[in-house]
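Close look at the chain arrangement
Spelled out from the first residue to the last, the chains are:
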Amino acid sequence: MKLLGIGSRIEHPEYGKGVVTNVSSKHYWVTFLENGLETIDLDSEFEVIEAVEDEVDTVSFFDVERSLVKILEKWSDTHEKVAIADKWKGGKLILDPGDATQSKEMPIETFFHKIVMVRDRIRVMEQKINSSNNLDDQEKIDLQQYITRIYGSLTSFNVLFKNKSDHFVGERSK
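Rules and cut-offs
- Residues numbered from 1 in each chain as written.
- Predicted model: local features only at pLDDT ≥ 70, side-chain atom pairs only at ≥ 80, totals over all residues.
- Heavy atoms only, no water.
- Buried < 20%, exposed > 50% of the residue type's maximum accessible area, 1.4 Å probe, protein only.
- Helix = DSSP H or I, 4+ residues; strand = E, 2+ residues; numbered from the N terminus.
- Pairing = 2+ DSSP bridges.
- Salt bridge = Lys/Arg side-chain N within 4 Å of Asp/Glu carboxyl O.
- Core = buried A, V, L, I, M, F, W, Y, C linked by side-chain atoms within 4.5 Å.
- Contact = heavy atoms within 4.5 Å.
- Expected span 1.5 Å × (residues − 1).
- Arc of directions from axis to C-beta.

1. Things to note about the pairing of strand β3 (residues 27-32)
Along β3, the buried face is formed by Tyr28, Val30 and Phe32; none of His27, Trp29 and Thr31, which line the opposite face, is buried. Bridging between strand β2 (residues 16-23) and β3 involves five bridges; their strand directions are antiparallel. Residue pairing in the sheet places Val23 in a bridge with Tyr28 of β3. What sits between β2 and β3 in their antiparallel hairpin is a turn of three residues. Alignment of β3 against strand β4 (residues 36-41), held across six bridges, turns out to be antiparallel. Each bridged residue has a counterpart across the sheet, and for Thr31 the counterpart in β4 is Leu37. Linkage of β3 to β4, two consecutive antiparallel strands, is achieved through a turn of three residues.

Written out as C-alpha cells, the structure is:
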C-alpha cells in the first residue's frame, strides 16, 4: 500500500471530499469540506481524487511545533503568556513619597510585565548556571541557593498572578 502525501485529495463514503493534512503511522488526518477534521485509518475505504507523493513525514507538524516550543521555553529569554489576576486588571500602581514631591503612577499591567520579565531572566540565568561547564558542582549549588533566595524575596508579588503555577517559590520551611 502506497501512502498518500499531505495535500492529497480524497472522497470518503461517509465524510465526503477532503484534503489530507497530516499522516501518521496508522492514520490520515483529513479536513473534509462538510465534516471538518477527521482521523481515518490508512486502510479505510475512500476514492483518491488526486494523490500527492513525497509529502509524508513520520513526525506531525503538531509534534514538531510542540517540541520547538518546549526548546524555546527552556533555552530562550522569551517568556510565555502569564496572566495577571482579574482583580488587578485596569488598576494602577501609585508610589506616594513621604515628602512633598509628586507621586508616580503607572498601570499595574506595566509593573506586572516587568516582574514577569525579571522572573524569566532569573530562570534563564538559572538554566545557564546549571548547564555551565566552567562551574564545578559546588559552585552551581551555591549559585542555585542564591537564586532560590531571590525567588523567595519576590514572593510578595505573587498576589499579582492569576495562576498559582506562575508564583515565585523560595525556600520551603521544613
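2. Looking at the pattern of salt bridges
Tallied over the full model, the rule gives six salt bridges. Asp86 is the salt-bridge partner of Lys89, the closest N and O atoms lying 3.1 Å from each other. Asp86 is paired through a salt bridge with Lys162; the nearest N and O atoms lie 3.5 Å apart. Placement of Asp86 in the loop between α1 (61-75) and β6 (92-95) and of Lys162 in the segment after α3 (137-153) is noted, with a sequence separation of 76 residues between them. Judged by its relative accessible area of 47%, Asp86 is partly exposed. On the accessibility criterion, Lys162 (44% relative accessible area) is partly exposed. Beyond isolated ion pairs, a larger network of salt bridges with shared partners links Asp86, Lys89 and Lys162.

3. Details of the nonpolar core
Ranked by size, the top nonpolar core spans 14 residues in total, and within it Phe112, Phe161 and Phe168 carry the most contacts. If you list the elements that add at least two residues to this core, you get α2 (108-131) and α3. For this core, the element with the most residues is α2, which contributes six residues. Here Phe161 is in contact with Val82, Ala83, Ala85, Phe112, Ile115, Val116, Arg119, Asp166, His167 and Phe168, once residues within four sequence places are set aside. Listed in part, the 11 residues of the second largest apolar core include Leu4, Val23, Tyr28 and Phe32.

4. Section: α3
Taking 1.5 Å of rise per residue, the 17 residues of α3 would be expected to cover 24 Å, and the 24 Å separating its terminal C-alpha atoms lies within 8% of that figure. The set of residues buried in α3 consists of Lys140, Ile147 and Tyr151. Projected down its long axis, α3 shows its buried positions confined to an angular sector of 45°, all on one face. Pointing more than 90 degrees away from the buried face of α3 are the exposed residues Tyr146 and Ser153. Each element contacted by the buried residues of α3 is listed here: α2.

Read these as geometric descriptors, not functional statements.
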